[in-house]
Amino acid sequence: ASLQNFFTLKALSNIGLLSDINSLLNNNEEATAYLQNENIAPANLMELNTQLVNRICAGNISDTLEYDENMRQILISIAYQLPAIGGESVYRARAILGLDLDDTEIEYRLADSPNTIHNDFRIIPNPTNGHFTINYNLLKDETASYTIYDAIGKAIIKGTLDPDLSNKFLDLSEHKNGLYFVNIFTSSGLKTHLKIILIK
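Residues numbered from 1 in each chain as written. Predicted model: local features only at pLDDT ≥ 70, side-chain atom pairs only at ≥ 80, totals over all residues. Heavy atoms only, no water.

## Examining the overall build of the chain
Thinking step 1. The helix and strand inventory of the chain stands at eight helices and eight strands.
Thinking step 2. Taken over 200 residues, the chain has a buried fraction of 38%.
Thinking step 3. Partitioning the intrachain contacts of the chain with sequence separation of at least 6 by distance along the chain shows that 55% fall at a separation of at least 24.
Thinking step 4. Put simply, the chain shows about 11700 Å² of open surface, and 53% of that area lies on carbon and sulfur atoms. (Helix = DSSP H or I, 4+ residues; strand = E, 2+ residues; numbered from the N terminus. Buried < 20%, exposed > 50% of the residue type's maximum accessible area, 1.4 Å probe, protein only. Contact = heavy atoms within 4.5 Å. Areas by Shrake-Rupley, 256 points an atom, 1.4 Å probe, with all protein chains shown as cover.)

See the structure below:
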């Protein structure tokens, strides 16, 4: 009975619903799959990735999968995740894009530091529940500005980094789970691109 209850709960959860959508896509029922997919509120990164890839697949009515530049960027952001973090849709995104990536190389880069590091800028913690800090070390009299983008490239937060401080607290908790990007530009010409994984 306990085992049956477990599978019943899973079938009624996002896991079961997303599995049903995959079945609809496999049966060429794109319209139904698209509608059901849009009604899901992802609870974690794996579910979000699955929903995004489903949306791209369900939006195609031809035999050849077509996608625009925004969709391509979404697929790339998923394809370059570790499957252990991003789920099965990481492989689906790679297949759509025709990418053959070495996960050990990606894992090595992540293992180089538990935080996302690029020069003197880092995101802590990452993944984040929405509350995080940009740690930085600017040169004397150097200024910097940042912009945070969502997975489809829409700018959602902009600001500046105070050269007299070494960190900037930010809040993404009102935004949906997923992958976000931070672009930092300094007055000395340094450009830094960081990724943030939001999981609430």
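## Concerning the layout of surface pockets
Thinking step 1. Put simply, the second largest pocket is a space of about 380 Å³.
Thinking step 2. Looking at the lining of the second largest pocket, the elements with two or more residues in it are helix H4 (45-58) and strand S7 (178-186).
Thinking step 3. At four residues, H4 tops the list of elements feeding residues into the lining of the second largest pocket.
Thinking step 4. Of the residues belonging to the lining of the second largest pocket, the class tally is ten nonpolar, four polar and four charged. (1 Å grid on protein atoms, 1.4 Å probe; cavity = no way out; pocket = protein on both sides within 12 Å on 5 of 7 lines; lining within 4 Å. Points joined across faces, edges and corners; volume = space filled by probe spheres on them. Nonpolar A, V, L, I, M, F, W, Y, C, P; charged D, E, K, R; others polar.)

## Side note on empty space enclosed by the protein
Thinking step 1. Throughout the structure, instances matching the rule amount to one cavity of 30 Å³ or more.
Thinking step 2. Around the largest cavity, the lining residues are Leu45, Leu48, Asn49, Leu52, Ser77, Ile78, Gln81, Ala151, Gly178 and Leu179.
Thinking step 3. No other element matches the four residues that H4 contributes to the lining of the largest cavity.
Thinking step 4. Taken together, the residues that form the lining of the largest cavity break down as six nonpolar, four polar and no charged.

## Focus on the packing of helix H3 (residues 30-38) against H4
Thinking step 1. Packing of H3 against H4 leaves a shortest axis separation of 9 Å and a crossing angle of 150°. By the angle class used here, H3 and H4 are roughly antiparallel. Seen along the crossing, H3 lies across H4 with a hand that is left-handed. Within the contact between the two elements, H3 uses Glu30, Ala33, Tyr34, Asn37 and Glu38 and H4 uses Gln51, Asn54, Arg55, Cys57 and Ala58.
Thinking step 2. In terms of residue class, the contact of H3 with H4 is built from four nonpolar, three polar and three charged. (Axes fitted to C-alpha atoms, helices over the stretch in contact; angles between N-to-C directions. Parallel < 35°, antiparallel > 145°, perpendicular 65-115°, else oblique. Left-handed = near helix turned anticlockwise from the far one by under 90°.)

## So, the nonpolar core
Proteins that are soluble and globular tend to have nonpolar side chains buried together.
Thinking step 1. Ranked by size, the top nonpolar core spans 22 residues in total, and within it Ile21, Leu25, Ala33, Leu75 and Ile78 carry the most contacts.
Thinking step 2. Per-element tally for this core: the top contributor is H4, with seven residues.
Thinking step 3. Setting aside chain neighbours within four positions, we find isoleucine 21 in contact with Ala33, Gln36, Asn37, Ile40 and Asn54.
Thinking step 4. Membership of the second largest hydrophobic core comes to 19 residues, among which are Phe132, Ala144, Tyr146 and Val182. (Core = buried A, V, L, I, M, F, W, Y, C linked by side-chain atoms within 4.5 Å.)

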